[in-house]
Amino acid sequence: MEVTVINRQSYMAEVSSLLGLITDEDTRTSLIAQMEHLFDVAEDEDKLIQEIGNPTKVAVALIRYADRGVVTPTAAAVVAPERAETAHTEPAEPVNADAFHAVEPPQAAEAEAETPVEAGAEEASDVPADATPVEAEAPAAKAEEPSEPTGEEAPPAEAEAALETALPTDAEAAPEAAAEPIESGTDGEAVVALEAEIISEEEEPDETAEEAALELEDQTEDDFDDVPTEADDDGAPQTITKTNGLLVVLYLIPAIVIGVPVFLALVVLNLALFAIGVGALGAGVGIFATAFLGFSVVADMLLLLGGGASVFAVALVLVWLAIWFLLRVTCGWIRVVVRLGKRFCCKEVEVV
Amino acid sequence: MKKAWKIVLITALCLLILGEIVLGVGLLSGGSPDRVWETASEYYDFQQISDFLHSDAVQGPLGQIGLQIP
């Protein structure tokens, strides 16, 4: 165990600052009060400091005790000093966390020393069901605080005897102590480890989500980076298109012989479609307009209006078919001829 | 192009259905195509229109592309 020259004030200041990790203010206050009480009843403060260990270790143990109710030998030195002494000599007993009862103030413990377990059960029942054992201990600690200034200090031995039966045994604490990595680590590592433990549980989902988002961004950036572009493609050799004149002449002859008649046929077909469509459009509009020429019978007007709308619908489809034919078929034929010619006549040559 | 085709076809279909409904209503409510033809012929010279369609100006180009008006 490290021996450091430190006085009570420094020790308590450091423990208090480290206990700030405990979110529950009542628990924190009660633990600090217990530490103060420990120093008050101790005969030799330096010896006490040597016995309980460095402030970081004590703070970490107390935080664990506050968080999970686990009493390690280091924490027991504060919350139950006498029990901590007997823990090294007595055999360990199985521990049940639910068996933990609230700690009673010294004067109350003195009155109920005969039946400490029952009193602890009553105290626990008064406390809300979801309260931690330390929270149940807090009212008792608070009741303990005003008793000190008044001077009615119950013998610490009797209070600790009440604590003995209330607190869980150190059977769990013994393996916990053996497994406790903080005991063997340095101060800084202990604090960092515990803080990381507390914080990581809360922030893990966010961190994993953030990490996944970052990975996705990196991946997409990498993907984009991997896509070769002309600007970035510095490694690949540059090529230029060279046209062979002889091949062009050779291609032009069949292209004209075959391509032009096909093109003309397509144009004529397109024009015919367009003419039929426009004619149907005109007929539809004419029939529609005839309805308003001067028919006396409404039924006759409805006949003309209905007929005009039907012819107009068909005309619409025909005109659109003509436009589509022009864009897709006629222009497509021209594109095919040009593409074939490029493939036949042009060649890509690497520039040295 | 696909979207344009969809729009045109849907519009044409709606117009056709509407026109057929109106036509049906007119027929059911006592409309007569003969009466309609007689009244329309007072305003239009159908003979002139028929002569125009059968003239060389129209039949010539149509004949070149393989079409013919009966």
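The following paragraphs examine the structure supplied in this document. Since this is a predicted model, take the numbers as computed values, not measurements.

## Structural notes on the overall build of chain A
And step 1. Counting its secondary structure elements, chain A contains 15 helices and 2 strands.
And step 2. Residue burial in chain A is summarised as follows: out of 352 residues, 34% are buried.
And step 3. Considering only contacts in chain A between residues 6 or more positions apart, those separated by 24 or more positions represent 78%.
And step 4. Carbon and sulfur atoms provide 60% of the accessible area of chain A, an area that totals close to 20,600 Å².

## Here we look at the nonpolar core
Side chains of nonpolar character tend, in soluble globular proteins, to be buried together.
And step 1. Residues Tyr11, Leu31, Met35, Ile52 and Leu62 of chain A are the most contacted members of the largest nonpolar core, which totals 26 residues.
And step 2. Where this core is concerned, the elements lending two or more residues are α1 (8–18), α2 (25–41), α3 (45–52), α4 (55–68) and α5 (73–79) of chain A.
And step 3. In terms of residue count, α4 of chain A provides more of this core than any other element does, 6 residues in total.
And step 4. Non-local contacts of Tyr11 of chain A, meaning those with residues more than four positions away in its chain, are made with Ile6, Met35, Phe39, Ile49, Ile52, Gly53, Asn54, Pro55 and Val58 of chain A.
And step 5. Counting 6 residues, the second largest nonpolar core, distinct from the first, contains Ala291, Phe295 and Leu305 of chain A together with Val36 of chain B.

## With respect to the layout of surface pockets
And step 1. The calculated volume of the second largest pocket comes to roughly 430 Å³.
And step 2. Considering the residues around the second largest pocket, the lining is formed by 13 residues, among which Ala275, Gly279 and Ala280 of chain A together with Leu53 and Ile69 of chain B are closest to the centre.
And step 3. Of all elements in the fold, only α14 (245–290) of chain A together with α3 (46–53) and α4 (56–64) of chain B reach the threshold of two or more residues within the lining of the second largest pocket.
And step 4. Among the elements that take part in the lining of the second largest pocket, α14 of chain A stands out by supplying 6 residues, more than any other.

Reading the values: the criteria
- Per chain, residue numbering runs from 1 following the sequence as it is written.
- Labels follow written order: the first chain is A, the first ligand is 1, and so on.
- In keeping with the model being predicted, local features are shown solely for residues with a pLDDT of at least 70 and side-chain atom pairs are shown and tallied solely at 80 or more, while totals for entire chains, interfaces and linings include all residues.
- Hydrogens and waters are ignored; side-chain quantities use all the structure's heavy atoms.
- The numbering of helices and of strands both runs from the N terminus, where a helix is a DSSP run of H or I of at least 4 residues and a strand a run of E of at least 2.
- A simple rule labels every residue: compare its accessible area, found with a 1.4 Å probe on the protein chains alone, to the largest value its type can have, and call it buried under 20%, exposed over 50%, or partly exposed in between.
- Note on definitions: a residue-residue contact is assigned when non-hydrogen atoms from the two residues lie within 4.5 Å.
- The method behind every accessible area is Shrake-Rupley, applied with a 1.4 Å probe, and residues are considered shielded solely by the protein chains displayed.
- Put simply, buried Ala, Val, Leu, Ile, Met, Phe, Trp, Tyr and Cys residues joined by side-chain atoms within 4.5 Å make one nonpolar core.
- A 1.4 Å probe that fits but cannot get out identifies a cavity on a 1 Å grid over protein atoms alone, an open set with protein on both sides within 12 Å along at least five of seven lines counts as a pocket, and a residue lines either if it has an atom within 4 Å of a point.
- Grid points are joined across faces, edges and corners, and a volume is the space filled by probe spheres set on the points.

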